[in-house]
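Topology and contacts: notes
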Amino acid sequence: MPARVSEALVLRTYPLKEADLVVSFLTRDQGKLRGVAKRARRPKSNFGAGLERLSHVRMAYFQRESRELVNLDSCELIRSQFALAADYGASVALDFFAEVTEQMLPAAEPNERYFRLLLAVLDFLQPPAKGQPVAVTEPVGKAWRAVTYFSLWAVRLTGWLPELHVCLSCGSLLSDGEAPERAFFSRGQAGLVCGHCRRTAGAGGSWELGAESRALVSEMLRLPVAQLSRTNWSQDTAADLRRFLVQQIEGHAERRLLTARVLEESDS
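Residues numbered from 1 in each chain as written. Predicted model: local features only at pLDDT ≥ 70, side-chain atom pairs only at ≥ 80, totals over all residues. Heavy atoms only, no water.

1. Quick word on the overall build of the chain
Under the convention used in this document: Under the DSSP-based scheme used, a helix requires at least four consecutive residues in state H or I and a strand at least two consecutive residues in state E, with every element numbered from the N terminus. Put simply, the radius of gyration uses C-alpha atoms, and a globule should come to 2.2 Å times the residue count raised to 0.38. Throughout, exposure labels follow a simple rule: accessible area from a 1.4 Å probe, protein chains only, divided by the maximum for the residue type, with under 20% read as buried, over 50% as exposed, and the rest as partly exposed. In what follows, residue pairs with any heavy atoms lying within 4.5 Å of each other are defined as contacts. Values of accessible area rely on a 1.4 Å probe in the Shrake-Rupley scheme; residue burial ignores everything except the protein chains shown. Within this scheme the basic residues Lys and Arg register as positive and the acidic residues Asp and Glu register as negative, but His and the chain ends are omitted. By convention, charge coordinates are those of NZ in Lys, CZ in Arg, CG in Asp, or CD in Glu.
From N to C terminus, the chain includes seven helices and eight strands. Against the compact-globule benchmark of 18 Å for 268 residues, the chain has a radius of gyration of 20 Å, which places it among compact chains. Principal-axis analysis of the C-alpha atoms places the extent of the chain at approximately 65 × 50 × 30 Å. A total of 268 residues make up the chain; the buried ones form 46% of that total. The long-range share in the chain, meaning contacts at least 24 apart out of those at least 6 apart in sequence, stands at 64%. Summing over all exposed atoms, the chain offers an accessible surface of approximately 14,100 Å²; the carbon and sulfur share of this is 48%. If you average the places of the 34 positive and of the 31 negative side-chain charges in the chain, the two averages end up 5 Å apart.

2. Notes on unusual backbone geometry
A positive phi angle, close to 60°, is found at Leu54, a residue other than glycine. Checked against the element boundaries, Leu54 lands in the loop between β3 (31–37) and β4 (56–62). In this structure Leu54 comes out as buried when scored by relative accessible area, which is 0%.

3. Notes on the nonpolar core
Stated precisely, the cut-off is as follows: Remark: nonpolar core denotes a set of buried residues (Ala, Val, Leu, Ile, Met, Phe, Trp, Tyr, Cys) joined through side-chain atoms within 4.5 Å.
Of all hydrophobic cores here, the largest spans 60 residues; its most connected members are Phe96, Phe97, Val100, Tyr114 and Phe150. With 10 residues, the top contributor of residues to this core is helix α3 (residues 142–157). For Phe150, the contacting residues outside a window of four places in its chain are Phe96, Phe97, Val100, Thr101, Tyr114, Leu117, Leu118 and Val121. In this structure, Ala8, Phe47, Val57 and Cys75 belong to the second largest nonpolar core, which totals 16 residues.

4. Some remarks on the packing of aromatic side chains
Spelled out, the test is: Here a Phe, Tyr or Trp ring, Trp counted by its six-membered ring, pairs with any other such ring whose centre lies within 6.5 Å, and the pair is stacked when the planes are under 30 degrees apart, edge-to-face when over 60, and tilted otherwise. Placement of a positive charge over a ring is assigned whenever Lys NZ or Arg CZ falls within 6 Å of the ring centre and within 35 degrees of the normal to the ring plane.
Under the criterion given, the structure shown has six aromatic pairs. Ring centres of Phe25 and Tyr61 lie 5.8 Å apart, and the angle between their planes is 65°; this geometry places the pair in the edge-to-face category. On the criterion of sequence distance, the pair formed by Phe25 in strand β2 (residues 20–27) and Tyr61 in strand β4 is long-range, its members being 36 residues apart. Accessibility assignment for this pair places Phe25 and Tyr61 in one class, buried. The ring centre of Phe184 lies 4.2 Å from the NZ or CZ of Arg198, which sits over that ring.

5. Section: the sheet that holds strand β8 (residues 206–208)
As a reminder, the rule being used: DSSP bridges decide pairing: two strands pair if at least two such bridges lie between them. Axis geometry follows a simple rule: fit a line to the C-alpha atoms, using only the stretch in contact for helices, then measure angles between N-to-C directions, giving values from 0 to 180 degrees.
Overall, antiparallel pairing links the three strands, which are arranged β7-β6-β8 in an open sheet. At either margin of the open sheet sits one strand with a lone partner, and together these are β7 (193–194) and β8. On top of the sheet, helix α6 (residues 239–253) reaches β6 (183–186) and β8; it is set at about 40° to β6, its chief contact.

6. Regarding the packing of helix α2 (residues 112–125) against α3
Condition: Convention used here: angles under 35 degrees read as roughly parallel, angles over 145 as roughly antiparallel, angles from 65 to 115 as roughly perpendicular, and any remaining angle as oblique. The classification used treats Ala, Val, Leu, Ile, Met, Phe, Trp, Tyr, Cys and Pro as nonpolar, Asp, Glu, Lys and Arg as charged, and all other residues, Gly among them, as polar.
Contact geometry of α2 with α3 gives a least axis separation of 10 Å together with a crossing angle of 175°. Our classification of the angle between α2 and α3 gives roughly antiparallel. From α2, Arg113, Tyr114, Leu117, Leu118, Val121, Phe124 and Leu125 reach across to α3, where they touch Lys142, Ala143, Arg145, Ala146, Tyr149, Phe150, Trp153, Ala154 and Leu157. Residues of the contact of α2 with α3, tallied by class, amount to 13 nonpolar, no polar and three charged.

7. A short note on the pairing of β2
Burial analysis of β2 places eight of its eight residues in the buried class, the great majority of the element. Going residue by residue along β2, you find Asp20, Val22, Ser24 and Leu26 tucked away on one face and Leu21, Val23, Phe25 and Thr27 tucked away on the opposite face as well. Two elements, strand β1 (residues 4–16) and β2, share eight bridges in a ladder whose sense is antiparallel. Counterpart to Ala8 in the pairing with β2 is Thr27. What sits between β1 and β2 in their antiparallel hairpin is a turn of three residues, with Lys17 showing a positive phi close to 55°. In terms of strand pairing, β2 meets β3 through seven bridges, oriented antiparallel. Looking at β3, one finds that Ser24 is bridged to Arg34. Adjacent in sequence and paired antiparallel, β2 and β3 are bridged by three residues.

8. Some details on the environment of Arg256
Relative to the helices and strands, Arg256 is located in the loop between α6 and α7 (258–265). C-alpha separation for the pair Arg256 and Val246, spaced 10 residues apart in sequence, amounts to 8.8 Å. When sequence neighbours within four positions are dropped, the list of residues in contact with Arg256 reads Glu99, Arg187 and Glu250.

Laid out in structure tokens, this is it:
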């Protein structure tokens with residue numbers, strides 16, 4: 001019998017030898033793990049389609065303290081993401097979710113809230129079931145909405161979200177009163193600065209994080225992704241916020257995200 005069975009989301013697989021795979025997966029109870037799935041590349045294996053990207057599974061594995069990689073025994077598929085394969089925007093969003101999770105989360109540190117975040121955005125992206133009555137208008141630009149929401153909460157849950165209401169340099173409030181102060185960010189800067197500090201520092205290569213996007217942050221931190229008041233999203237919606245969050249991720253991970261550029265070049 002396997003030593004452990006965990007609810008998990010598959011992040012990525014790597015070929016090993018002729019028939020094996022190295023699998024990176026996020027478990028609800030044990031955090032991010034890596035393991036070897038022997039004979040997983042053969043037609044008749046114990047894994048079937050369960051090792052596809054972001055498949056939601058129950059993973060059976062043996063874990064030994066002396067080894068970095070666990071031994072995967074089998075997995076039971078709970079839900080695949082096959083329904084999203086025909087949607088290019090959603091497919092790239094899945095790649096983005098997996099890459100960010102790979103880069104942000106340390107190994108073997110449980111983060112159940114992050115696991116639930118992934119389940120929430122994956123559930124939101126699913127198309128309506130055939131024959132299911134549509135009670136409300138289907139949101140437009142679901143991929144952009146899910147990616148923005150995921151990026152914000154991923155940065156927050158890993159402890160990398162800076163204060164967005166205070167200037168990093170002078171400490172002045174950026175959202176005081178009916179006319180919020182303009183706020184700016186630049187690569188390598190862990191926070192926002194006001195217009196005065198930006199001019200004083202003579203910072204080049206900076207971008208503005210608009211008041212609308214900052215207000216959207218407050219709403220996303222309060223509500224589930226499916227309950228956001230704005231339902232019609234496009235690539236331009238909160239584009240400044242996504243740029244800011246991607247730069248925060250890349251700064252802490254110390255590497256560029258390959259999928260972020262692909263995502264912004266798509267027309268989903």
